[in-house]
Amino acid sequence: MNRKSKQREAILNLLRSTSSHPTAEWIYERLKTEMPNVGLATIYRNLRLLRDAGEVTEVHPSNPTARFDGNTSMHYHFCCDRCGKILDLDEPVDTEIQNRIATRTGLKIRRHSLELGGLCLDCQTVEDDADITAERQHNEATRKGGALWQT
Ligand code: ZN
Ligand code: MN
């Protein structure tokens, strides 16, 4: 195997070993020790090649940074609005919607994606904590006799 295909293989193996839908930078950080002459641009170039070859998919959450998935089977994603975490959803793929639209439009539909957004379990706790802290501060201020807001 030549050097270029070794690099691509290493990226693919790394992507297949994680379910974190990493960024190119994350991959670069992990591979730079074993491949010191590989730069971030090389990682990006290889990811695009792998994507075009159908070996990985590029995930498009409402996120400015491209994220990649080593699992190319059709599945749905959840993206956390707060921390950007992308989770695979253990939910059957709705082939009915594809059939329905294909029948109605005559389009040959091969795939579809679904991305749900909101707060992950960790971030729900953080938001709850933030609410509680705000409430406590408000109560303390009120107890001291000071109004928080002038009316
Ligand atoms: Zn989160
Ligand atoms: Mn995924």
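Residues numbered from 1 in each chain as written. Chains lettered and ligands numbered in written order. Predicted model: local features only at pLDDT ≥ 70, side-chain atom pairs only at ≥ 80, totals over all residues. Heavy atoms only, no water.

**Student:** I would appreciate a short explanation of the packing of helix α1 (residues 3-16) against helix α3 (residues 40-52) in the present structure.
**Tutor:** A pair of packed helices is captured by two measures, namely the crossing angle of their axes and the spacing between those axes. Packing of α1 against α3 brings their axes to within 10 Å, and their N-to-C directions diverge by 75°. Looking at the two axes, α1 sits roughly perpendicular to α3. Of the residues in α3, those touching α1 at K4, Q7, R8, I11, L12 and L15 are T42, I43, N46, L47, L49 and L50. For the contact of α1 with α3, a count of residues per class yields seven nonpolar, three polar and two charged. (Axes fitted to C-alpha atoms, helices over the stretch in contact; angles between N-to-C directions. Helix = DSSP H or I, 4+ residues; strand = E, 2+ residues; numbered from the N terminus. Parallel < 35°, antiparallel > 145°, perpendicular 65-115°, else oblique. Contact = heavy atoms within 4.5 Å. Nonpolar A, V, L, I, M, F, W, Y, C, P; charged D, E, K, R; others polar.)

**Student:** Sorry, what's going on with the sheet that holds strand β3 (residues 76-80) here?
**Tutor:** To summarise the sheet geometry, strands pair through backbone hydrogen bonds and adopt either a parallel or an antiparallel arrangement. Within the open sheet, the three strands sit side by side as β4-β3-β5. Their pairing is mixed. This sheet does not close on itself; its edge strands, each paired only once, are β4 (86-89) and β5 (115-118). Averaged over all neighbouring strand pairs, the angle between strand axes comes to 25°, with direction disregarded. Note: β3 against β5, four bridges, orientation parallel. Each bridged residue has a counterpart across the sheet, and for C80 the counterpart in β5 is G118. (Pairing = 2+ DSSP bridges.)

**Student:** Would you mind showing me how to read the environment of V93 here?
**Tutor:** On the secondary structure map, V93 appears in the loop between β4 and α4 (95-105). Apart from residues lying up to four places away in sequence, V93 is in contact with M74, H75, Y76 and H112.

**Student:** Where do I start with the coordination of the zinc ion (ligand 1) in this structure?
**Tutor:** Each angle at a metal carrying four tetrahedral donors should ideally be 109.5 degrees, and each at a metal carrying six octahedral donors should ideally be 90 or 180 degrees. All of the protein donors around the zinc ion (ligand 1) are C80 (SG), C83 (SG), C120 (SG) and C123 (SG); their distances to the metal are 2.3 Å. All donor residues of the zinc ion (ligand 1) come from one chain, and their arrangement in sequence is C-x2-C-x36-C-x2-C. Each member of the pair, C120 together with C123, is buried. (Donors = N, O, S within 2.8 Å, 3.2 Å for Na, K, Ca; no water. Buried < 20%, exposed > 50% of the residue type's maximum accessible area, 1.4 Å probe, protein only.)

**Student:** Looking at this model, I keep getting lost on the confidence of the model for the protein chain. Mind explaining?
**Tutor:** Regions with low pLDDT should not have their predicted coordinates read in detail. Here the protein chain shows a mean pLDDT of 88. Residues at 70 or above account for 91%. Every residue in residues 146-151 is under pLDDT 50, and counting partners more than four places away or in other chains gives four contacts. (pLDDT = per-residue confidence, 0-100.)

**Student:** What's the story with the coordination of the manganese ion (ligand 2) in this structure? I'm lost.
**Tutor:** Protein coordination at the manganese ion (ligand 2): the donors are H21 (NE2), D69 (OD), H75 (NE2), H77 (NE2) and D88 (OD), at 2.1 to 2.2 Å from the metal. For the manganese ion (ligand 2), the donor residues sit on a single chain with the sequence spacing H-x47-D-x5-H-x1-H-x10-D. One end of the pair, H75, is in the loop between β2 (67-69) and β3; the other, D88, is in strand β4, and 13 residues separate them in sequence. Residue H75 is classed as buried on the basis of its relative accessible area of 14%. A relative accessible area of 33% places D88 in the partly exposed class.

**Student:** What is the right way to look at the side chain of H75 in this model?
**Tutor:** Separated by 3.0 Å, the side chains of H75 and D69 make a polar contact. A polar contact is formed between the side chain of H75 and the side chain of H77, at a distance of 3.0 Å. What H75 contacts, discounting residues up to four positions off in sequence, is H21, D69, D88 and V93. (Polar contact = N/O pair within 3.5 Å; in protein donor to acceptor, adjacent residues only side chain to side chain.)

**Student:** Can you help me understand the nonpolar core in this one?
**Tutor:** The tendency in soluble globular proteins is for nonpolar side chains to be buried side by side. Formed by 15 residues in total, the largest nonpolar core has its most connected members in I11, L15, I27, L31, I43, L47 and V56. Mapped by element, the contributors of at least two residues to this core are α1, α2 (24-31) and α3. The element best represented in this core is α1, accounting for five residues. When near neighbours in sequence (up to four residues on either side) are disregarded, V56 contacts L12, L15, L47, L50, R51, F68, D69 and T72. (Core = buried A, V, L, I, M, F, W, Y, C linked by side-chain atoms within 4.5 Å.)

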